[in-house]
Amino acid sequence: MLTLSLAASAQTHHVLIKTNMGDMKAVLFDDTPKHRDEFLRLVKEKHYDGTLFYRCVKNFVIQGGSSDSRNAKPGQHIGYGEEAIEIDSEFTKRHFHQFGALCAPRQPDKINVLKYSDISQFYIVRGQVYADSILDKMEMAVNIPIKNKLKKTYQLPHKEELQRLKAEGKAKEYNKLVKEIKERMEYEYRISGYKEFTEEQREAYTQRGGTPELDEEYTVFGQVVEGLDVVRKINNLKVDKNDRPLTDVRITIEIID
């Protein structure tokens, strides 16, 4: 059974994502208000209706809503479309890329340095289940380079001074300098963007699955609470070389409350 975060369970905005392969009910998060409000506006304007889930990457995501996908011919390549609607990202550790997460795609960093979301379309996470050891490696891959850089910046320049103070028996001065270096490094580490999975994230990624590599890179603004079997079904469809399903999956979205 899907367990939502405390923040998610308190939300009141729900939408029904209807497809020819089944329906999915999703909750929208109130603490990502820009995405919530713009998504609801576009739903009311029927912006997503008639579009397709045009990109299905096995054990990763299903993506839809692009204007290019509306009335697209079989085999036609589908991109972001001409109706991109960019808004500020709303990253939060509270919401993450677990199975069923409703998220906003965006253009790559090289042309989107500020990581604006493109709410003109969306994706839903399928992901895969990860072992705790793999999550540990993901943390280390981010954190070790940060720690090494901090040592080079704050510790190495004082190496000779620390050795001298220690050799001269100046314990008070030595300890004071060590404390200052340590406090500075700890502060810089906290604001460095280090990676540490919460207990809730670890439980989700090791039990239900997800795409943890996307956390705090793309905004999660909702969660599928009913119809996860439909996400699986769509994600399992056969696709062409562009990851477009060979069977069209048409989208209609309604606001429930």
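The structure displayed is predicted, hence computed values, not measured ones.

A. Expanded view of the pairing of strand 3 (residues 53–57). Sheet analysis places strand 3 next to strand 4 (residues 61–64), joined by four bridges and oriented antiparallel. Across the sheet, the residue bridging to valine 57 is valine 61, located in strand 4. Connecting the antiparallel pair strand 3 and strand 4 is a turn made up of three residues, with asparagine 59 showing a positive phi of about 55°.

B. A look at the packing of aromatic side chains. Taken as a whole and assessed by the stated rule, the structure comprises nine aromatic pairs. Ring geometry for phenylalanine 39 against phenylalanine 221: centres 5.2 Å apart, planes inclined by 55°, an arrangement best described as tilted. With phenylalanine 39 in helix 2 (residues 33–44) and phenylalanine 221 in strand 9 (residues 220–226), this residue pair connects regions lying 182 residues apart in the sequence. Just as phenylalanine 39 is buried, phenylalanine 221 falls in that class too.

C. A look at the pattern of salt bridges. Applying the stated rule across the entire model yields 20 salt bridges. Where aspartate 37 meets arginine 36, a salt bridge forms, and the shortest distance between an N and an O atom there is 2.7 Å. Where glutamate 168 meets arginine 164, a salt bridge forms, and the shortest distance between an N and an O atom there is 3.3 Å. Accessibility expressed as a relative area gives 43% for glutamate 168, which makes it partly exposed.

D. Fine view of the packing of helix 3 (residues 132–155) against helix 6 (residues 199–207). It is the contact of helix 3 with helix 6, at a shortest axis distance of 10 Å, that shows an interaxial angle of 125°. Here helix 3 is positioned oblique relative to helix 6, judged by the angle of their axes. The handedness of the crossing between helix 3 and helix 6 comes out as right-handed. Residues Asp132, Leu135, Asp136 and Glu139 of helix 3 lie in contact with helix 6, whose contacting residues are Arg202, Tyr205 and Thr206. Grouping the amino acids of the contact of helix 3 with helix 6 by side-chain chemistry returns two nonpolar, one polar and four charged.

E. Representation of unusual backbone geometry in the model. In the Ramachandran plot, lysine 115 falls in the positive-phi region, its phi being about 60° despite a non-glycine side chain. Summarising the element assignment, lysine 115 is placed in the loop between strand 6 (101–103) and strand 7 (117–118).

F. Seen up close, the confidence of the model for the protein. Averaged over all residues, the pLDDT of the protein is 93; the fraction at 70 or higher stands at 95%. Here residues 5–11 is modelled with pLDDT under 50, and outside its nearest four sequence neighbours on either side it reaches 14 contacts, counting other chains as well.

G. Inspection of helix 7 (residues 228–235) at higher detail. Restricting attention to buried positions, one finds in helix 7 the residues Leu228, Val230, Val231, Ile234 and Asn235. An end-on view of helix 7 places all buried positions within 155° of arc, on one side of the element. Buried positions along helix 7 lie against strand 1 (13–19), strand 2 (22–28), strand 3, strand 4, strand 8 (122–125) and strand 9.

About the cut-offs
Residues numbered from 1 in each chain as written. Predicted model: local features only at pLDDT ≥ 70, side-chain atom pairs only at ≥ 80, totals over all residues. Heavy atoms only, no water. Pairing = 2+ DSSP bridges. Helix = DSSP H or I, 4+ residues; strand = E, 2+ residues; numbered from the N terminus. Phe/Tyr/Trp six-rings, centres within 6.5 Å; stacked < 30°, edge-to-face > 60°. Buried < 20%, exposed > 50% of the residue type's maximum accessible area, 1.4 Å probe, protein only. Salt bridge = Lys/Arg side-chain N within 4 Å of Asp/Glu carboxyl O. Axes fitted to C-alpha atoms, helices over the stretch in contact; angles between N-to-C directions. Parallel < 35°, antiparallel > 145°, perpendicular 65-115°, else oblique. Left-handed = near helix turned anticlockwise from the far one by under 90°. Contact = heavy atoms within 4.5 Å. Nonpolar A, V, L, I, M, F, W, Y, C, P; charged D, E, K, R; others polar. pLDDT = per-residue confidence, 0-100. Arc of directions from axis to C-beta.

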